[in-house]
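Structural overview for review
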Amino acid sequence: MPNDSALTGATPEAAQLHRRGLLLVATAALLWSSGGLIVRSLDSADPMTTVFWRSVTAFVFLIGFMTMREGRNVPRQFLRMGFPGIVVALCYALASTALIIALDLTSVANVLVIMSSAPLFSALLAWLVLGERISAVSWLAVLATLGGITLMVSDSLGRGAIAGDLVALTIALSQAVAVVTIRRHRGIAMTPAMSLATLIAALAVLPFASPLQTSLHDLALLTVFGAGQLGLGLALFAFGAPLLPAAQTALLNVLEPIFGPIWVWLLIGERPSQAALIGGGIVLTALLVHIGNGLRTARA
């Protein structure tokens, strides 16, 4: 791989910013990879209560983060999103809720690998909606991804966990819709959209949650889940992503589906099935090929 100076214009300042971006985005991805471990470590909180407290604590953190950056301009940031920003917020509210439900129904490995296919579904949707060209390499990656997911779903069908895989697939599809919406309306700021998404998710699940019955142990974990894993992760990503090419950012995000199953395997003993390892390997390889093709195109 070329050194930082070659990638960022050869100036020491640019190389330093590039290294900072790598560190921030990689740290965000590693934070996000802890989600499955946190959910598995809860004592008794049900999925809806988990979604509620995660969303509330993330919303408080993100509003504080926006206030620190924007001051009195925070309301204006929300107004500037317009209808496209609301669409993005709804997509991420659905994705964050589906994540908790999927983790309750199937393995961490299946959830993270299937949701990691979002960039490939984004490319396919952008081709259909925006007319963006898909290279032959990316087409092969899409087909390989579908094959890998099919293998994982068929294995889950035999184990009675297919519902979780299908919910995980809605995460990838929701994220794909959000990404294509952002591409079409490039003025959408992610932090206000995610803040609104957490508020929508909290209000949507409140009638089905039991927030006042949450133990102190679970409440502490859910605070870390919302403010730390989601909120701080997004803040780090917001600072780091603008310092990197988009393909490099996507490449670093692959750390989440790689490390997420490792944490629960090492610390809790949740071992992925053989089909999950094979199918996951196919999906992640296809994703890396797709991202690598984007890097080569950008350099060219």
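Above this text sits the structure in question.
Residues numbered from 1 in each chain as written. Predicted model: local features only at pLDDT ≥ 70, side-chain atom pairs only at ≥ 80, totals over all residues. Heavy atoms only, no water.

Some thoughts on the overall build of the protein chain
Looking only at helices and strands, one finds 14 helices and zero strands in the protein chain. Listing every helix and strand of the protein chain by position from the N terminus yields α-α-α-α-α-α-α-α-α-α-α-α-α-α. Relative to a compact globule of 300 residues, whose C-alpha radius of gyration would be 19 Å, the protein chain shows 19 Å and is just as compact. With the C-alpha coordinates of the protein chain rotated into their principal frame, the extents come out at 55 × 55 × 35 Å. Classification of the 300 residues of the protein chain by burial places 49% in the buried group. When the accessible surface of the protein chain is totalled, it reaches about 14,000 Å², and 68% of it is carbon and sulfur. Taking the 16 positively charged and 12 negatively charged side chains of the protein chain as two groups, their mean positions are separated by 13 Å. (Helix = DSSP H or I, 4+ residues; strand = E, 2+ residues; numbered from the N terminus. Rg over C-alpha atoms; globule rule 2.2 N^0.38 Å. Buried < 20%, exposed > 50% of the residue type's maximum accessible area, 1.4 Å probe, protein only. Areas by Shrake-Rupley, 256 points an atom, 1.4 Å probe, with all protein chains shown as cover. Lys, Arg positive; Asp, Glu negative; His and termini not counted. Charge placed at Lys NZ, Arg CZ, Asp CG, Glu CD.)

Quick look at the nonpolar core
Counting 54 residues, the largest nonpolar core has L99, V111 and I171 as its most contacted members. Element by element, the count of residues in this core is highest for helix α5 (residues 74-105), at 12 residues. L24, V25, A26 and L244 belong to the second largest nonpolar core, which has 10 residues in total. (Core = buried A, V, L, I, M, F, W, Y, C linked by side-chain atoms within 4.5 Å.)

Thoughts on a nonpolar patch on the surface
Together, I258, I262, L266, L267 and I268 give the surface a local cluster of nonpolar side chains, amounting to about 460 Å² of exposed area. Within the secondary structure layout, I268 lies in the loop between α13 (255-267) and α14 (274-299). Residue classification places I268 among the partly exposed residues on the basis of a relative accessible area of 39%. (Patch = residues over 30% accessible without salt bridge, like charges linked within 9 Å, V, L, I, M, F, W, Y side chains within 5 Å. Salt bridge = Lys/Arg side-chain N within 4 Å of Asp/Glu carboxyl O.)

Observations concerning helix α9 (residues 162-184)
Across its 23 residues, α9 extends 33 Å between first and last C-alpha, which sits within 8% of the 33 Å expected from 1.5 Å per residue. Of the positions making up α9, those classed as buried are G164, D165, A168, I171, A172, S174, Q175, A176, A178, V180 and T181. As for α9, its buried residues are in contact with α5, α6 (108-115), α7 (118-129) and α8 (136-159). (Expected span 1.5 Å × (residues − 1). Contact = heavy atoms within 4.5 Å.)

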